[in-house]
Amino acid sequence: MACTSYCLSPCVKLCSSSSKCFQFPKPFASSNNLRFSVGPNFSISFNPQGSKSSLFSTFKCLAQKSQPSVSVNAPTNAGQRVVVLVIGGGGREHALCYALKRSHSCDAVFCAPGNAGISNSGDATCIPDLDVLDGDAVISFCRKWSVGLVVVGPEAPLVSGLANKLVKAGIPTFGPSSEAAALEGSKNFMKNLCDKYGIPTAKYKTFTDPNAAKQYIQEEGAPIVVKADGLAAGKGVIVAMTLEEAYEAVDSMLLKNAFGSAGCRVIIEEFLEGEEASFFALVDGENAIPLESAQDHKRVGDGDTGPNTGGMGAYSPAPVLTKELQSVVMESIILPTVKGMSAEGCKFVGVLYAGLMIEKKSGLPKLIEYNVRFGDPECQVLMVRLESDLAEVLLAACRGELTGVTLNWSPGSAMVVVMASKGYPGSYEKGSVIQNLEEAEQVAPSVKIFHAGTALDADGNFIATGGRVLGVTAKGKDVEEARDRAYLAVEEINWPGGFYRRDIGWRALPQKQFATRE
(Lines give C-alpha, C1' and ligand atoms only; values in the text may rest on other atoms or scores of the structure.)
Protein backbone atom coordinates (compact mmCIF):
# COMPACT_ATOMS: atom_id res chain seq x y z
CA MET A 1 0.00 0.00 0.00
CA ALA A 2 1.38 3.40 -0.97
CA CYS A 3 2.19 5.65 1.94
CA THR A 4 3.33 9.27 2.12
CA SER A 5 5.26 10.30 5.24
CA TYR A 6 5.35 13.77 6.82
CA CYS A 7 8.14 14.31 9.37
CA LEU A 8 7.08 17.10 11.69
CA SER A 9 9.39 16.85 14.69
CA PRO A 10 11.96 14.48 16.22
CA CYS A 11 9.17 12.30 17.56
CA VAL A 12 6.26 12.60 15.15
CA LYS A 13 5.77 11.15 11.69
CA LEU A 14 2.39 11.17 9.97
CA CYS A 15 1.64 8.55 7.34
CA SER A 16 -1.10 9.03 4.79
CA SER A 17 -2.24 5.85 3.05
CA SER A 18 -4.65 5.47 0.18
CA SER A 19 -7.47 5.94 2.69
CA LYS A 20 -6.09 9.46 3.24
CA CYS A 21 -6.14 9.00 7.01
CA PHE A 22 -3.20 10.25 9.04
CA GLN A 23 -1.76 7.69 11.43
CA PHE A 24 0.56 7.99 14.43
CA PRO A 25 3.23 5.26 14.33
CA LYS A 26 4.24 2.96 17.17
CA PRO A 27 5.03 3.01 20.07
CA PHE A 28 2.44 5.76 20.44
CA ALA A 29 -0.98 4.37 21.32
CA SER A 30 -4.36 5.93 20.75
CA SER A 31 -5.39 8.67 23.14
CA ASN A 32 -8.38 10.78 24.04
CA ASN A 33 -8.66 14.53 24.08
CA LEU A 34 -4.97 15.27 23.54
CA ARG A 35 -3.52 18.10 21.48
CA PHE A 36 0.08 18.28 20.33
CA SER A 37 2.02 21.31 19.17
CA VAL A 38 4.42 20.15 16.48
CA GLY A 39 6.89 22.84 15.54
CA PRO A 40 5.67 26.41 15.10
CA ASN A 41 3.24 25.66 12.33
CA PHE A 42 1.09 22.66 13.26
CA SER A 43 -1.18 21.36 15.97
CA ILE A 44 -2.64 17.86 16.02
CA SER A 45 -5.75 16.79 17.92
CA PHE A 46 -6.88 13.23 18.46
CA ASN A 47 -10.39 12.08 17.65
CA PRO A 48 -11.90 10.96 20.97
CA GLN A 49 -13.98 8.45 19.05
CA GLY A 50 -11.11 7.29 16.85
CA SER A 51 -10.41 3.68 16.07
CA LYS A 52 -7.44 1.67 17.27
CA SER A 53 -5.43 2.93 14.34
CA SER A 54 -5.11 6.31 16.13
CA LEU A 55 -6.76 8.47 13.50
CA PHE A 56 -6.42 12.23 13.83
CA SER A 57 -9.45 14.46 13.82
CA THR A 58 -7.54 17.67 13.27
CA PHE A 59 -4.30 18.51 11.47
CA LYS A 60 -4.13 22.28 11.63
CA CYS A 61 -1.67 24.70 10.10
CA LEU A 62 -1.05 27.52 12.59
CA ALA A 63 1.04 29.82 10.44
CA GLN A 64 1.42 30.41 6.75
CA LYS A 65 5.04 29.34 6.61
CA SER A 66 6.92 26.53 4.94
CA GLN A 67 6.52 23.15 6.63
CA PRO A 68 9.32 21.98 8.93
CA SER A 69 11.67 19.54 7.26
CA VAL A 70 13.14 17.81 10.31
CA SER A 71 13.60 14.13 9.47
CA VAL A 72 14.31 11.51 12.12
CA ASN A 73 13.79 7.85 12.75
CA ALA A 74 10.52 6.73 14.26
CA PRO A 75 10.86 5.10 17.70
CA THR A 76 11.70 1.43 17.75
CA ASN A 77 11.10 -1.44 20.12
CA ALA A 78 14.76 -2.39 20.40
CA GLY A 79 14.49 -2.61 24.20
CA GLN A 80 17.63 -0.58 24.87
CA ARG A 81 16.09 2.66 23.69
CA VAL A 82 13.66 4.69 25.76
CA VAL A 83 10.91 7.26 25.28
CA VAL A 84 11.47 10.16 27.68
CA LEU A 85 9.00 12.65 29.14
CA VAL A 86 10.50 15.91 30.45
CA ILE A 87 8.29 17.78 32.92
CA GLY A 88 8.45 21.57 32.68
CA GLY A 89 8.43 24.36 30.16
CA GLY A 90 11.40 26.64 30.74
CA GLY A 91 14.96 27.11 29.58
CA ARG A 92 16.23 24.32 31.83
CA GLU A 93 13.76 21.88 30.31
CA HIS A 94 14.69 23.00 26.79
CA ALA A 95 18.33 22.25 27.57
CA LEU A 96 17.42 18.81 28.97
CA CYS A 97 15.37 18.03 25.85
CA TYR A 98 18.31 19.15 23.69
CA ALA A 99 20.70 16.79 25.49
CA LEU A 100 18.24 13.88 25.58
CA LYS A 101 17.54 14.23 21.86
CA ARG A 102 21.28 13.68 21.25
CA SER A 103 21.33 10.56 23.47
CA HIS A 104 21.74 7.34 21.49
CA SER A 105 19.64 5.42 24.01
CA CYS A 106 16.73 7.84 23.63
CA ASP A 107 14.06 7.12 21.03
CA ALA A 108 11.78 10.10 21.46
CA VAL A 109 11.38 13.10 23.73
CA PHE A 110 8.12 14.59 24.99
CA CYS A 111 8.00 17.81 27.02
CA ALA A 112 4.99 18.83 29.11
CA PRO A 113 3.92 21.53 28.92
CA GLY A 114 6.95 22.71 26.94
CA ASN A 115 6.89 25.98 25.04
CA ALA A 116 6.87 27.29 21.49
CA GLY A 117 10.65 27.47 21.26
CA ILE A 118 11.15 23.86 22.35
CA SER A 119 8.60 22.71 19.80
CA ASN A 120 9.96 24.91 17.01
CA SER A 121 13.54 23.77 17.57
CA GLY A 122 12.64 20.13 17.04
CA ASP A 123 14.19 19.17 20.37
CA ALA A 124 10.96 17.61 21.67
CA THR A 125 7.27 17.15 21.01
CA CYS A 126 5.42 19.44 23.40
CA ILE A 127 2.26 18.40 25.27
CA PRO A 128 0.71 21.68 26.46
CA ASP A 129 -2.53 20.13 27.71
CA LEU A 130 -1.02 17.66 30.18
CA ASP A 131 -1.45 18.82 33.79
CA VAL A 132 1.96 18.03 35.27
CA LEU A 133 0.70 18.52 38.84
CA ASP A 134 -1.89 15.76 38.30
CA GLY A 135 0.05 12.57 39.03
CA ASP A 136 -2.70 10.30 37.71
CA ALA A 137 -2.81 12.19 34.40
CA VAL A 138 0.97 11.94 34.01
CA ILE A 139 0.90 8.20 34.81
CA SER A 140 -1.87 7.66 32.27
CA PHE A 141 0.10 9.54 29.61
CA CYS A 142 3.26 7.53 30.34
CA ARG A 143 1.41 4.22 30.01
CA LYS A 144 -0.31 5.21 26.79
CA TRP A 145 2.89 6.40 25.16
CA SER A 146 5.30 3.77 26.51
CA VAL A 147 7.37 6.34 28.42
CA GLY A 148 10.37 4.62 30.01
CA LEU A 149 11.89 7.62 31.82
CA VAL A 150 10.42 10.77 33.33
CA VAL A 151 12.76 13.69 34.04
CA VAL A 152 11.21 16.31 36.32
CA GLY A 153 12.64 19.78 35.73
CA PRO A 154 10.93 22.26 38.12
CA GLU A 155 10.79 21.99 41.90
CA ALA A 156 7.03 22.47 42.36
CA PRO A 157 5.92 19.06 40.96
CA LEU A 158 8.65 17.39 43.04
CA VAL A 159 7.59 19.06 46.28
CA SER A 160 3.97 18.16 45.51
CA GLY A 161 4.89 14.47 45.23
CA LEU A 162 4.87 13.74 41.50
CA ALA A 163 7.93 11.49 41.72
CA ASN A 164 6.33 9.51 44.57
CA LYS A 165 3.33 8.65 42.42
CA LEU A 166 5.36 7.81 39.32
CA VAL A 167 7.77 5.54 41.17
CA LYS A 168 4.88 3.79 42.93
CA ALA A 169 3.38 3.17 39.47
CA GLY A 170 6.63 1.56 38.36
CA ILE A 171 7.74 4.40 36.04
CA PRO A 172 11.47 5.25 36.29
CA THR A 173 11.64 8.86 37.46
CA PHE A 174 14.66 11.10 37.78
CA GLY A 175 13.75 13.42 40.61
CA PRO A 176 13.38 13.09 44.38
CA SER A 177 10.34 12.17 46.45
CA SER A 178 8.40 14.96 48.14
CA GLU A 179 10.11 14.02 51.41
CA ALA A 180 13.59 14.33 49.88
CA ALA A 181 12.57 17.47 47.96
CA ALA A 182 12.25 19.22 51.34
CA LEU A 183 15.97 19.95 50.92
CA GLU A 184 14.77 22.76 48.66
CA GLY A 185 11.17 23.09 49.80
CA SER A 186 12.20 24.08 53.32
CA LYS A 187 15.40 25.94 54.07
CA ASN A 188 14.83 25.15 57.74
CA PHE A 189 14.84 21.40 56.93
CA MET A 190 18.11 21.82 55.03
CA LYS A 191 19.71 23.79 57.85
CA ASN A 192 18.67 21.19 60.44
CA LEU A 193 20.20 18.45 58.30
CA CYS A 194 23.44 20.44 58.10
CA ASP A 195 23.50 20.77 61.88
CA LYS A 196 22.88 17.08 62.45
CA TYR A 197 25.45 15.77 59.96
CA GLY A 198 28.16 18.41 60.30
CA ILE A 199 27.76 19.98 56.87
CA PRO A 200 29.41 23.46 56.74
CA THR A 201 26.90 26.26 56.27
CA ALA A 202 26.28 29.84 57.44
CA LYS A 203 25.27 30.55 61.04
CA TYR A 204 21.49 31.02 61.27
CA LYS A 205 18.30 31.10 63.31
CA THR A 206 14.68 30.46 62.30
CA PHE A 207 11.75 32.71 63.25
CA THR A 208 7.98 33.01 62.91
CA ASP A 209 7.71 36.07 65.17
CA PRO A 210 8.76 39.32 63.43
CA ASN A 211 9.77 41.04 66.64
CA ALA A 212 12.05 38.19 67.68
CA ALA A 213 13.56 38.14 64.18
CA LYS A 214 14.28 41.88 64.31
CA GLN A 215 15.83 41.55 67.76
CA TYR A 216 18.20 38.89 66.43
CA ILE A 217 19.04 41.06 63.41
CA GLN A 218 19.87 43.97 65.72
CA GLU A 219 22.18 41.74 67.76
CA GLU A 220 23.98 40.37 64.70
CA GLY A 221 24.17 43.59 62.70
CA ALA A 222 24.26 44.18 58.94
CA PRO A 223 24.92 43.04 56.30
CA ILE A 224 22.71 40.02 56.96
CA VAL A 225 20.57 37.64 54.89
CA VAL A 226 16.81 37.13 55.25
CA LYS A 227 15.29 34.04 53.57
CA ALA A 228 11.73 32.81 53.15
CA ASP A 229 11.62 29.19 54.33
CA GLY A 230 9.63 27.81 51.39
CA LEU A 231 9.65 27.99 47.61
CA ALA A 232 9.53 31.55 46.28
CA ALA A 233 10.55 31.17 42.62
CA GLY A 234 14.12 32.21 43.37
CA LYS A 235 13.03 35.56 44.84
CA GLY A 236 12.75 34.72 48.52
CA VAL A 237 16.29 35.71 49.52
CA ILE A 238 17.07 39.29 50.57
CA VAL A 239 20.69 40.30 51.11
CA ALA A 240 20.17 43.27 53.44
CA MET A 241 23.08 45.71 53.58
CA THR A 242 21.45 47.77 56.35
CA LEU A 243 19.34 46.99 59.41
CA GLU A 244 16.42 48.87 57.86
CA GLU A 245 16.51 46.67 54.73
CA ALA A 246 16.54 43.57 56.93
CA TYR A 247 13.58 44.80 58.99
CA GLU A 248 11.65 45.54 55.78
CA ALA A 249 12.39 42.04 54.47
CA VAL A 250 11.07 40.48 57.69
CA ASP A 251 7.89 42.57 57.54
CA SER A 252 7.30 41.76 53.87
CA MET A 253 7.48 38.02 54.58
CA LEU A 254 5.93 37.63 58.04
CA LEU A 255 3.44 40.52 58.08
CA LYS A 256 2.62 41.36 54.45
CA ASN A 257 2.70 37.76 53.14
CA ALA A 258 4.80 38.77 50.12
CA PHE A 259 5.56 35.10 49.42
CA GLY A 260 2.39 33.55 50.82
CA SER A 261 2.87 30.39 52.85
CA ALA A 262 6.50 30.17 51.68
CA GLY A 263 7.30 33.19 53.84
CA CYS A 264 5.40 32.24 57.01
CA ARG A 265 8.75 31.27 58.52
CA VAL A 266 12.04 33.07 57.90
CA ILE A 267 15.69 32.12 58.26
CA ILE A 268 18.05 34.88 59.38
CA GLU A 269 21.53 33.98 58.19
CA GLU A 270 24.99 35.44 58.52
CA PHE A 271 26.35 37.26 55.48
CA LEU A 272 29.20 35.31 53.93
CA GLU A 273 31.81 37.22 51.96
CA GLY A 274 33.42 35.42 49.05
CA GLU A 275 32.64 34.05 45.61
CA GLU A 276 29.49 32.07 44.80
CA ALA A 277 29.59 28.91 42.74
CA SER A 278 27.16 26.19 41.71
CA PHE A 279 27.99 22.52 42.20
CA PHE A 280 25.89 19.71 40.76
CA ALA A 281 25.89 16.00 41.53
CA LEU A 282 23.78 13.12 40.24
CA VAL A 283 22.50 10.95 43.09
CA ASP A 284 21.05 7.42 43.07
CA GLY A 285 20.00 7.20 46.71
CA GLU A 286 23.33 6.02 48.11
CA ASN A 287 26.01 7.23 45.70
CA ALA A 288 26.79 10.48 43.92
CA ILE A 289 28.89 11.55 40.95
CA PRO A 290 29.82 15.17 40.25
CA LEU A 291 28.85 17.11 37.16
CA GLU A 292 31.06 19.88 35.80
CA SER A 293 31.20 23.14 37.74
CA ALA A 294 29.30 26.28 36.78
CA GLN A 295 28.86 29.81 38.08
CA ASP A 296 25.76 31.94 37.69
CA HIS A 297 24.92 35.61 38.17
CA LYS A 298 21.94 36.16 40.45
CA ARG A 299 21.71 39.95 40.61
CA VAL A 300 19.73 41.65 37.87
CA GLY A 301 22.23 44.43 37.09
CA ASP A 302 25.79 44.73 35.82
CA GLY A 303 28.42 44.53 38.51
CA ASP A 304 26.13 42.31 40.61
CA THR A 305 23.78 45.16 41.49
CA GLY A 306 20.03 45.25 42.03
CA PRO A 307 17.66 42.57 43.34
CA ASN A 308 18.18 38.83 43.10
CA THR A 309 16.69 36.94 40.16
CA GLY A 310 16.41 33.33 39.08
CA GLY A 311 19.71 33.88 37.26
CA MET A 312 20.85 36.26 34.50
CA GLY A 313 23.66 34.16 33.02
CA ALA A 314 26.19 31.45 33.75
CA TYR A 315 29.38 29.86 32.52
CA SER A 316 31.10 26.49 32.84
CA PRO A 317 33.57 25.49 34.09
CA ALA A 318 33.93 27.88 37.04
CA PRO A 319 37.62 28.67 37.69
CA VAL A 320 36.86 29.30 41.36
CA LEU A 321 36.01 25.60 41.80
CA THR A 322 39.39 23.96 41.40
CA LYS A 323 39.69 20.17 41.29
CA GLU A 324 40.86 20.27 44.92
CA LEU A 325 37.83 22.31 45.98
CA GLN A 326 35.49 19.99 44.06
CA SER A 327 36.86 17.07 46.07
CA VAL A 328 36.29 19.03 49.29
CA VAL A 329 32.69 19.76 48.24
CA MET A 330 32.00 16.10 47.49
CA GLU A 331 33.52 14.87 50.77
CA SER A 332 32.27 17.57 53.16
CA ILE A 333 28.91 18.57 51.64
CA ILE A 334 27.44 16.28 48.96
CA LEU A 335 28.22 12.80 50.32
CA PRO A 336 27.27 13.66 53.94
CA THR A 337 23.97 14.98 52.59
CA VAL A 338 23.30 11.81 50.58
CA LYS A 339 24.18 9.56 53.53
CA GLY A 340 22.22 11.77 55.92
CA MET A 341 19.09 11.69 53.79
CA SER A 342 19.35 7.90 53.54
CA ALA A 343 19.75 7.63 57.32
CA GLU A 344 16.68 9.85 57.77
CA GLY A 345 14.62 7.40 55.71
CA CYS A 346 14.15 9.58 52.61
CA LYS A 347 16.74 8.54 50.05
CA PHE A 348 17.48 11.18 47.47
CA VAL A 349 17.36 10.25 43.77
CA GLY A 350 17.93 13.06 41.31
CA VAL A 351 20.30 15.98 40.95
CA LEU A 352 21.59 17.87 43.96
CA TYR A 353 22.37 21.48 43.14
CA ALA A 354 24.45 23.03 45.88
CA GLY A 355 24.67 26.79 45.98
CA LEU A 356 28.07 27.45 47.53
CA MET A 357 30.05 30.34 48.90
CA ILE A 358 33.82 29.99 48.66
CA GLU A 359 34.57 32.00 51.77
CA LYS A 360 37.08 34.78 51.36
CA LYS A 361 38.62 34.40 54.81
CA SER A 362 39.09 30.61 54.71
CA GLY A 363 39.03 29.72 51.02
CA LEU A 364 36.72 26.81 51.88
CA PRO A 365 33.20 26.12 50.61
CA LYS A 366 30.07 26.58 52.69
CA LEU A 367 26.59 25.49 51.67
CA ILE A 368 24.21 28.40 51.02
CA GLU A 369 21.24 26.41 49.78
CA TYR A 370 20.18 23.23 48.03
CA ASN A 371 18.03 22.91 44.96
CA VAL A 372 16.68 19.49 44.07
CA ARG A 373 16.79 19.95 40.30
CA PHE A 374 19.11 21.30 37.64
CA GLY A 375 19.77 25.00 38.03
CA ASP A 376 18.53 27.49 35.50
CA PRO A 377 20.53 28.88 33.68
CA GLU A 378 23.41 26.60 34.76
CA CYS A 379 21.71 23.60 33.15
CA GLN A 380 22.03 25.25 29.74
CA VAL A 381 25.83 25.49 29.86
CA LEU A 382 26.16 21.99 31.32
CA MET A 383 23.95 20.35 28.69
CA VAL A 384 25.78 21.90 25.72
CA ARG A 385 29.07 20.60 27.17
CA LEU A 386 27.84 17.10 28.08
CA GLU A 387 29.02 14.43 25.66
CA SER A 388 27.79 11.37 27.55
CA ASP A 389 24.41 9.72 26.89
CA LEU A 390 22.15 11.65 29.28
CA ALA A 391 19.22 9.23 29.12
CA GLU A 392 21.48 6.30 29.95
CA VAL A 393 23.05 8.10 32.93
CA LEU A 394 19.71 9.25 34.36
CA LEU A 395 18.29 5.73 34.08
CA ALA A 396 21.33 4.43 35.95
CA ALA A 397 20.57 6.89 38.75
CA CYS A 398 16.94 5.73 38.88
CA ARG A 399 18.14 2.12 39.22
CA GLY A 400 20.72 2.86 41.93
CA GLU A 401 23.57 2.04 39.57
CA LEU A 402 25.76 5.17 39.48
CA THR A 403 28.78 3.45 41.04
CA GLY A 404 31.54 3.42 38.43
CA VAL A 405 29.71 5.76 36.03
CA THR A 406 31.87 8.53 34.56
CA LEU A 407 30.80 11.49 32.46
CA ASN A 408 32.46 12.95 29.39
CA TRP A 409 32.52 16.70 28.76
CA SER A 410 33.57 18.77 25.78
CA PRO A 411 36.79 20.72 26.33
CA GLY A 412 36.75 24.49 26.58
CA SER A 413 33.93 26.57 28.07
CA ALA A 414 30.29 27.45 27.61
CA MET A 415 28.36 30.59 28.50
CA VAL A 416 24.69 31.54 28.58
CA VAL A 417 23.37 35.12 28.59
CA VAL A 418 19.77 35.42 29.75
CA MET A 419 17.51 37.88 27.96
CA ALA A 420 14.62 39.02 30.16
CA SER A 421 11.51 41.16 29.80
CA LYS A 422 12.03 44.78 30.83
CA GLY A 423 10.89 45.21 34.40
CA TYR A 424 11.97 41.76 35.56
CA PRO A 425 12.27 40.65 38.38
CA GLY A 426 9.42 43.06 39.12
CA SER A 427 6.31 43.47 37.00
CA TYR A 428 6.73 43.25 33.24
CA GLU A 429 4.60 43.28 30.12
CA LYS A 430 3.92 40.16 28.09
CA GLY A 431 3.44 39.82 24.36
CA SER A 432 6.37 41.81 22.93
CA VAL A 433 7.62 40.43 19.62
CA ILE A 434 11.07 38.83 19.34
CA GLN A 435 12.74 38.64 15.92
CA ASN A 436 15.95 37.38 14.27
CA LEU A 437 16.34 34.27 16.43
CA GLU A 438 17.32 32.03 13.52
CA GLU A 439 19.87 34.58 12.34
CA ALA A 440 21.29 34.84 15.85
CA GLU A 441 22.02 31.11 15.99
CA GLN A 442 24.05 31.44 12.77
CA VAL A 443 26.30 34.38 13.70
CA ALA A 444 28.99 32.18 15.25
CA PRO A 445 29.79 28.47 15.68
CA SER A 446 28.30 26.50 18.58
CA VAL A 447 25.49 28.94 19.38
CA LYS A 448 22.23 27.53 20.75
CA ILE A 449 19.24 29.56 21.94
CA PHE A 450 17.15 27.97 24.68
CA HIS A 451 13.61 29.25 25.18
CA ALA A 452 12.35 29.88 28.70
CA GLY A 453 9.21 31.96 28.17
CA THR A 454 8.03 32.22 24.57
CA ALA A 455 4.88 31.59 22.58
CA LEU A 456 3.73 32.20 19.01
CA ASP A 457 1.30 34.92 18.04
CA ALA A 458 -1.33 34.65 15.32
CA ASP A 459 1.24 35.65 12.69
CA GLY A 460 3.75 33.00 13.74
CA ASN A 461 6.10 35.43 15.51
CA PHE A 462 7.77 34.56 18.78
CA ILE A 463 6.49 36.66 21.67
CA ALA A 464 7.68 36.96 25.27
CA THR A 465 5.45 35.35 27.90
CA GLY A 466 7.69 35.35 30.97
CA GLY A 467 10.30 37.23 32.95
CA ARG A 468 13.36 35.31 31.83
CA VAL A 469 12.65 34.57 28.18
CA LEU A 470 15.77 33.39 26.29
CA GLY A 471 19.06 31.74 27.20
CA VAL A 472 21.57 32.59 24.46
CA THR A 473 24.26 29.94 24.84
CA ALA A 474 27.61 29.39 23.13
CA LYS A 475 30.68 27.20 23.43
CA GLY A 476 34.27 28.22 22.84
CA LYS A 477 37.83 27.10 23.41
CA ASP A 478 37.84 29.24 26.59
CA VAL A 479 35.52 31.52 28.56
CA GLU A 480 36.45 34.55 26.46
CA GLU A 481 35.57 32.93 23.14
CA ALA A 482 32.34 31.48 24.53
CA ARG A 483 31.39 34.90 25.89
CA ASP A 484 32.20 36.72 22.66
CA ARG A 485 30.08 34.27 20.64
CA ALA A 486 27.16 34.48 23.05
CA TYR A 487 27.11 38.28 22.96
CA LEU A 488 27.39 38.31 19.17
CA ALA A 489 24.20 36.26 19.07
CA VAL A 490 22.50 38.46 21.67
CA GLU A 491 23.23 41.55 19.59
CA GLU A 492 21.65 39.93 16.55
CA ILE A 493 18.30 39.45 18.30
CA ASN A 494 15.74 42.19 17.69
CA TRP A 495 13.71 42.52 20.89
CA PRO A 496 13.06 46.09 22.08
CA GLY A 497 11.05 44.74 25.02
CA GLY A 498 14.00 42.83 26.47
CA PHE A 499 17.24 43.48 28.33
CA TYR A 500 20.31 41.56 29.49
CA ARG A 501 23.38 41.91 31.64
CA ARG A 502 26.45 42.94 29.70
CA ASP A 503 29.07 41.51 32.05
CA ILE A 504 28.37 37.79 32.29
CA GLY A 505 31.67 36.06 33.04
CA TRP A 506 33.32 39.12 34.57
CA ARG A 507 34.78 37.12 37.45
CA ALA A 508 36.58 34.77 35.08
CA LEU A 509 37.81 37.65 32.88
CA PRO A 510 37.73 40.81 35.03
CA GLN A 511 39.75 42.92 32.59
CA LYS A 512 37.41 42.38 29.64
CA GLN A 513 35.22 45.32 28.68
CA PHE A 514 31.80 44.67 27.19
CA ALA A 515 30.98 46.79 24.16
CA THR A 516 27.31 46.44 23.27
CA ARG A 517 24.77 48.72 21.71
CA GLU A 518 22.38 50.53 24.00
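The present account deals with the structure reproduced in this document. Computed from a predicted structure; not experimentally measured.

Conventions we followed
Counting of residues starts from 1 at the beginning of each chain's written sequence and follows it residue by residue. Where totals are concerned, whole chains, interfaces and linings use all residues; where local detail is concerned, this predicted model gives features only for residues with pLDDT of at least 70, and gives and counts side-chain atom pairs only at 80 or more. In computing side-chain values, all of the structure's heavy atoms are included and hydrogens and water are not. Only protein atoms enter the 1 Å grid used here, on which a cavity is any set of points holding a 1.4 Å probe that cannot leave and a pocket is any open set flanked by protein within 12 Å on both sides along at least five of seven lines; residues with an atom within 4 Å of a point are listed as lining. Grid points are joined across faces, edges and corners, and a volume is the space filled by probe spheres set on the points. Any residue that is not Ala, Val, Leu, Ile, Met, Phe, Trp, Tyr, Cys, Pro, Asp, Glu, Lys or Arg is counted as polar, Gly included; the first ten are nonpolar and the last four charged. Think of it this way: a Phe, Tyr or Trp ring, Trp meaning its six-membered ring, pairs with another when their centres are within 6.5 Å, and the plane angle makes it stacked under 30 degrees, edge-to-face over 60, tilted otherwise. Here, a salt bridge means any side-chain nitrogen of Lys or Arg that lies within 4 Å of a carboxyl oxygen of Asp or Glu. Where helices and strands are cited, they refer to DSSP runs of H or I of at least four residues and of E of at least two residues respectively, numbered from the N terminus. Each residue is placed in one exposure class: buried if its accessible area under a 1.4 Å probe, protein chains only, is under 20% of its type's maximum, exposed if it is over 50%, and partly exposed if it falls in between. By definition, residues are in contact when any of their heavy atoms lie within 4.5 Å. Axis definition: a line fit to C-alpha positions, over the contact stretch in the case of helices; interaxial angles, taken between N-to-C directions, run 0 to 180 degrees. Any angle that falls under 35 degrees is termed roughly parallel, while one over 145 is termed roughly antiparallel, one within 65 to 115 roughly perpendicular, and all others oblique.

This structure, assessed with the given rule, holds four cavities of 30 Å³ or more. Here the largest cavity is characterised by a volume of approximately 60 Å³. Split into classes, the residues belonging to the lining of the largest cavity amount to five nonpolar, three polar and two charged.

Considering all chains together, one arrives at eight aromatic pairs under this definition. Aromatic ring contacts, followed pair by pair, group Phe110, Phe141 and Trp145 into a single cluster.

Our next topic: the pattern of salt bridges. In the structure shown here, the tally under the stated rule is 27 salt bridges. Here Asp123 makes a salt bridge to Lys448, at a shortest N to O gap of 2.9 Å. With Asp123 in the loop between helix H2 (116–121) and strand S9 (125–126) and Lys448 in strand S26 (residues 447–451), this residue pair connects regions lying 325 residues apart in the sequence. Residue Lys448 is classed as buried on the basis of its relative accessible area of 13%. A single network of salt bridges, built from pairs that share partners, joins Asp304, Arg501, Asp503 and Arg507.

Position of Trp495 among the secondary structure elements: in the loop between helix H14 (479–492) and strand S30 (498–499). Looking at Trp495, the relative accessible area reads 5%, which means it is buried. In sequence terms Trp495 and Asn436 are 59 residues apart; their C-alpha atoms lie 8.7 Å from each other. Those residues in contact with Trp495 that sit more than four places away from it in its chain are Met419, Ala420, Ser421, Ser432, Val433, Ile434, Ala464 and Val469.

A few words on the packing of helix H1 (residues 91–101) against helix H11 (residues 378–385). Across the interface, H1 lies against H11 with an axial gap of 8 Å and an inter-helix angle of 10°. Comparing the axis directions of H1 and H11 gives the class roughly parallel. Contacts from Gly91, Arg92, Ala95, Leu96, Tyr98 and Ala99 in H1 reach Cys379, Gln380, Met383 and Val384 in H11. Here the contact of H1 with H11 is composed, by residue class, of seven nonpolar, two polar and one charged.

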